[in-house]
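Inside the fold
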Amino acid sequence: MYIHLGNEISISDREIIGIFDIENTSISKDTRNYLKQATDDHRVVNVSLEMPKSFVVCTTKSGSEKTFISQISVSTLRKRAGIKL
């Protein structure tokens with residue numbers, strides 16, 4: 001199944017490592033460092049022109065990581081992916 005992240009970007013649910021709330025997790029220094037390093041390494045795709053609400057860490061077919069920043073809330077993305085808490 002494919003999950004729509006915004007702005008015509010969709011990813012396979014098999015590629016998802018994690019879906020995170022950007023506001024709550026970016027309080028952590030480790031998360032800020034991760035996002036900065038991923039940005040510096042050109043592994044971040046911003047699919048939102050609006051205020052970001054979440055980020056999704058994925059694997060690519062080559063085995064590397066890619067992070068998508070989305071304006072869609074974590075709860076909506078989890079519903080789309082069929083993830084129950």
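The structure contained in this document is the topic of the report that follows.

Parameters at a glance
- Residues numbered from 1 in each chain as written.
- Predicted model: local features only at pLDDT ≥ 70, side-chain atom pairs only at ≥ 80, totals over all residues.
- Heavy atoms only, no water.
- Salt bridge = Lys/Arg side-chain N within 4 Å of Asp/Glu carboxyl O.
- Helix = DSSP H or I, 4+ residues; strand = E, 2+ residues; numbered from the N terminus.
- Pairing = 2+ DSSP bridges.

Our next topic: the pattern of salt bridges. One side chain can pair with another of opposite charge once the charged atoms of both are near each other. Tallied over the entire structure, the rule returns three salt bridges. Asp40 is the partner of Lys36 in a salt bridge, and the nearest nitrogen-oxygen pair spans 2.8 Å. Of this pair, Lys36 and Asp40 both sit in helix α2 (residues 29-40), four residues apart, which is roughly one turn of the helix. Here Asp41 ties to Arg43 by a salt bridge, and the two come within 3.4 Å at their closest N and O atoms. Ionic contacts of the salt-bridge type, sharing partners, join the residues Asp41, Arg43 and Glu65 into one network.

This part is about the pairing of strand β6 (residues 65-70). Across three bridges, strand β4 (residues 44-46) lies against β6 in parallel orientation. Residue pairing in the sheet places Val45 in a bridge with Phe68 of β6. Where strand β5 (residues 54-59) lies against β6, six bridges are found, and the strand directions are antiparallel. Across the sheet, the residue bridging to Val56 is Phe68, located in β6. Counting the residues between successive antiparallel strands, the hairpin from β5 to β6 contains five residues, one of them, Gly63, with a positive phi of roughly 95°.

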